[in-house]
Amino acid sequence: MPYVLQHKISQQIFTCTLVNHYGLAYYGVKFWPELEEAEQQIPAFLHSMEGMEPDAWHVTELEEGEMKLCNVKLKNDPNLQVFWPQTRKPEVRKLEK
């Protein structure tokens, strides 16, 4: 199951530009396949992201289908953000500028 970063207060799932296994860039949910890998890599990852507050995020598990649904809802559009509330249904909002 994929492990993702979720904002503790807003419930936002962390998204960014990624590269798929075909070498193509896309905008989607940043994930780690294993919990141990996520726990090891996330501190350095958050530290490398400017403007991120590492204490504001935590690791959460999504089912693979749930993560794929989030990516579909994002429509490969970096102006969209996805939120994962307790209802376990993704909510997509346009990025506030």
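Refer to the structure presented above.
Summary of the structure given here. (Residues numbered from 1 in each chain as written. Predicted model: local features only at pLDDT ≥ 70, side-chain atom pairs only at ≥ 80, totals over all residues. Heavy atoms only, no water.)

1. Let's talk about the layout of surface pockets
Here is the rule we go by: Here the term cavity refers to a set of points on a 1 Å grid, laid over the protein atoms alone, in which a 1.4 Å probe fits but cannot get out; the term pocket refers to an open set having protein on both sides within 12 Å along at least five of seven lines, with lining residues being those that place an atom within 4 Å of a point. Grid points are joined across faces, edges and corners, and a volume is the space filled by probe spheres set on the points. Note on residue classes: Ala, Val, Leu, Ile, Met, Phe, Trp, Tyr, Cys and Pro are nonpolar, Asp, Glu, Lys and Arg are charged, and everything else, Gly too, is polar.
In this structure, the largest pocket encloses a volume near 160 Å³. Taken together, Met1, Pro2, Tyr26, Phe31, Pro33, Glu64, Met67, Lys68 and Asn71 form the lining of the largest pocket. In terms of residue class, the lining of the largest pocket is made up of six nonpolar, one polar and two charged.

2. Some words on the packing of aromatic side chains
This is how the line gets drawn: Each Phe, Tyr or Trp ring (for Trp, its six-membered ring) is paired with any other whose centre lies within 6.5 Å, and the angle between the two planes then decides the class: stacked below 30 degrees, edge-to-face above 60, tilted in between. Helix numbers and strand numbers start at the N terminus; a helix is a DSSP run of H or I with at least 4 residues, a strand a run of E with at least 2. For every residue, the accessible area obtained with a 1.4 Å probe (protein chains only) is divided by the maximum for its type, and the residue is called buried under 20%, exposed over 50%, and partly exposed between those limits. We count a charge as sitting over a ring when the NZ of a lysine or the CZ of an arginine lies within 6 Å of the ring centre and within 35 degrees of the ring normal.
Summed over the entire model, instances satisfying the criterion amount to three aromatic pairs. Centre to centre, the rings of Phe14 and Trp57 are 5.8 Å apart; their planes meet at 85 degrees, and the pair counts as edge-to-face. Remark: Trp57 occurs in strand E6 (residues 57–61) and Phe14 occurs in the loop between strand E2 (12–13) and strand E3 (15–19); sequence separation between them is 43 residues. The buried category is assigned to Phe14, whose relative accessible area is 6%. Residue classification places Trp57 among the buried residues on the basis of a relative accessible area of 10%. Between the aromatic rings of Trp32 and Phe45, the centroid separation amounts to 5.6 Å while the plane-to-plane angle is 80 degrees, which identifies the pairing as edge-to-face. Within this pair, whereas Trp32 is found in strand E5 (residues 31–32), its partner Phe45 is found in helix H1 (residues 35–48), the two being separated by 13 residues in sequence. Each member of the pair, Trp32 as well as Phe45, carries the same accessibility label: buried. An aromatic cluster is defined as three or more aromatic residues linked by ring pairs; in this entry it consists of Phe14, Trp32, Phe45 and Trp57. Between the NZ or CZ atom of Lys30 and the centre of the ring of Trp32, over which it lies, the distance is 5.0 Å.

These figures capture arrangement, not role.
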